[in-house]
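Residues per chain are reported as follows:
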Amino acid sequence: MAGLKRRVPLHSLRYFISMVGLFSKPGLLPWYARNPPGWSQLFLGTVCKGDFTRVIATKCQKGQKSQKKPSHLGPLDGSWQERLADVVTPLWRLSYEEQLKYYEVFLRQSPLEPCLVFHEGGYWRELTVRTNSQGHTMAIITFHPQKLSQEELHVQKEIVKEFFIRGPGAACGLTSLYFQESTMTRCSHQQSPYQLLFGEPYIFEELLSLKIRISPDAFFQINTAGAEMLYRTVGELTGVNSDTILLDICCGTGVIGLSLAQHTSRVLGIELLEQAVEDARWTAAFNGITNSEFHTGQAEKILPGLLKSKEDGQSIVAVVNPARAGLHYKVIQAIRNFRAIHTLVFVSCKLHGESTRNVIELCCPPDPAKKLLGEPFVLQQAVPVDLFPHTPHCELVLLFTR
């Protein structure tokens, strides 16, 4: 497992780790060591200091009920920093060589998507922090205002804005601050628009010689150096050439397709979030990439029509990078039944569950009852990529051919 290669959205995990004072593995970018004074008092309300770890631990345990603390992590010293570290980065006590051995047995659990959730005055609020490798920081405050009037919400916005501009939060050096009103656990920009309170509307990242624009709603890998390794691995496995059309499904901000655009005849991207597609189009234009197009919507609705418009004689390589829920069965049908797709690269952050069903349906014999009429794919290679320092989670890149 030497040289193991490894996703977490570009948000508060980096802030958590900086609070514990940890740093990433050799060869990966360091976490930003910021512990701004006053944050816990503002955002945790009546929950303070020692209870802070309990709040985080409770949230993590809800999604990891079956997970037991590994006995090899050693005793705690009772400090909240160490308890927090054991929840968010449970392998931090191990050397990297020991962690590589740990990864040899893949744990059947989903990657952690941590965010700071706190309760104050009878309504929930959430803080998401996104940073780039240059240290630019975007904070997103999400309110769940069941008991707040619009006037009270306006007051809350001003309080948060004042805190980060002239109050103790100014030490954070935010480059942008967003506010979102949400009546659900999670809301997209389309469901409840992000409101820019101050600063720049985007942050930018440099990756694989591309300047990439990132909106508050768009997914982007938190570990830039690890993401470069992941995308290089994907590129190597695709085997694209100047005669190939690259189909980038669940493309996010389009980084995978755009990083390979110079090696392909055309890049076709599909993404659900409109903001991410706008980012991909901006990135393509800024970097002078003219052989790409991006489509907004559900892949299961767009993909069949998009494939019908292509000639059967064209060679198409597909890359899929779905969320933990995996691919919709109609996407699997479209990929299976379009004979021009001979190579498929599947990037999985949670191989069990729906992704396991995806793999089975890609590789099973033709099944007319399920409308899987094309020849099955064969799994040729699996490459784990280490994007989560000090945790048991990893990205898994699967190469299928037929």
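Residues numbered from 1 in each chain as written. Predicted model: local features only at pLDDT ≥ 70, side-chain atom pairs only at ≥ 80, totals over all residues. Heavy atoms only, no water.

1. Side note on the overall build of the protein
Scanning the protein for helices and strands turns up twelve helices and 14 strands. Carbon together with sulfur atoms contributes 54% to the accessible area of the protein, which is approximately 17800 Å² in total. (Helix = DSSP H or I, 4+ residues; strand = E, 2+ residues; numbered from the N terminus. Areas by Shrake-Rupley, 256 points an atom, 1.4 Å probe, with all protein chains shown as cover.)

2. Comments concerning the nonpolar core
If you look at the biggest cluster of nonpolar residues, it comprises 40 residues, and the most contacted ones within it are Leu207, Tyr231 and Val397. The residues touching Leu207, leaving out its near neighbours within four places in the chain, are Ile212, Phe220, Thr224, Ala227, Glu228, Tyr231 and Val255. With 31 residues, the next largest nonpolar core counts Ile302, Ala318, Leu344 and Leu372 among its residues. (Core = buried A, V, L, I, M, F, W, Y, C linked by side-chain atoms within 4.5 Å. Buried < 20%, exposed > 50% of the residue type's maximum accessible area, 1.4 Å probe, protein only. Contact = heavy atoms within 4.5 Å.)

3. Regarding unusual backbone geometry
Leaving glycine out, the prevailing phi sign among residues is negative, and the prevailing peptide bond configuration is trans. In the Ramachandran plot, Cys250 falls in the positive-phi region, its phi being about 60 degrees despite a non-glycine side chain. Tracing the backbone through its elements, the reader meets Cys250 in the loop between strand S8 (244-249) and helix H8 (255-259). Positive phi, normally seen in glycine, also occurs at Lys371, with a value near 60 degrees.

4. Observations concerning the confidence of the model for the protein
Scored by pLDDT, the protein has a mean of 75; 72% of the residues are at 70 or more. Here residues 105-115 scores under 50 on pLDDT; set against residues more than four positions off or in separate chains, the count is 39 contacts. (pLDDT = per-residue confidence, 0-100.)

5. Considerations on the environment of Glu300
Turning to its location among the elements, Glu300 is positioned in helix H10 (residues 299-308). Filtering out sequence-adjacent residues up to four positions away, Glu300 remains in contact with His328, Lys330 and Val331.

6. Examining the packing of aromatic side chains
For the structure on display, the rule yields six aromatic pairs. Centre to centre, the rings of Phe143 and Phe179 are 4.7 Å apart; their planes meet at 35 degrees, and the pair counts as tilted. Of this pair, Phe143 sits in strand S3 (residues 137-144) while Phe179 sits in strand S4 (residues 176-181), placing them 36 residues apart in sequence. Note on Phe143: relative accessible area 0%, which makes it buried. Overall, Phe179 belongs to the buried group, its relative accessible area being 0%. Centroid distance Phe163 to Phe164: 5.2 Å. Interplanar angle 90 degrees. Geometry classified as edge-to-face. With relative accessibility at 9%, the residue Phe163 sits in the buried group. Classification of Phe164 by relative accessible area gives buried; the value is 4%. The rings of Tyr202, Phe204, Trp282 and Phe286 are connected pair by pair, giving a single aromatic cluster. Across the ring face of Phe204, the terminal group of Lys211 is positioned such that the distance to the ring centre comes to 4.9 Å. Here the basic side chain of Arg213 rests over the ring of Tyr202, its NZ or CZ set 3.9 Å away from the ring centre. (Phe/Tyr/Trp six-rings, centres within 6.5 Å; stacked < 30°, edge-to-face > 60°. Lys NZ or Arg CZ within 6 Å of the ring centre and 35° of its normal.)

7. Observations concerning the packing of helix H11 (residues 329-337) against helix H12 (residues 354-363)
Two elements in contact, H11 and H12, have axes separated by 10 Å at closest approach and are oriented at 25 degrees. The angle between H11 and H12 places the two elements in the roughly parallel class. The two elements H11 and H12 cross, and the hand of that crossing is right-handed. When H11 is examined against H12, the residues Tyr329, Ile332, Ile335 and Arg336 are found in contact with a partner set consisting of Arg357, Asn358, Glu361, Leu362 and Cys363. When grouped by side-chain class, the residues that make up the contact of H11 with H12 number five nonpolar, one polar and three charged. (Axes fitted to C-alpha atoms, helices over the stretch in contact; angles between N-to-C directions. Parallel < 35°, antiparallel > 145°, perpendicular 65-115°, else oblique. Left-handed = near helix turned anticlockwise from the far one by under 90°. Nonpolar A, V, L, I, M, F, W, Y, C, P; charged D, E, K, R; others polar.)

8. Here we look at the pattern of salt bridges
One pass over the full model with this rule turns up eight salt bridges. Salt-bridge contacts for Glu181 lead to Lys157; the nearest nitrogen and oxygen are separated by 3.7 Å. Remark: Lys157 occurs in helix H6 (residues 150-165) and Glu181 occurs in strand S4; sequence separation between them is 24 residues. We classify Lys157 as buried; its relative accessible area is 14%. Between Asp279 and Arg213 there is a salt bridge, and its shortest N-O distance comes to 2.8 Å. Here Arg213 lies in strand S7 (residues 210-214) and Asp279 lies in helix H9 (residues 274-286), a separation of 66 residues in the sequence. The two residues Asp279 and Arg213 agree in class, both being buried. (Salt bridge = Lys/Arg side-chain N within 4 Å of Asp/Glu carboxyl O.)

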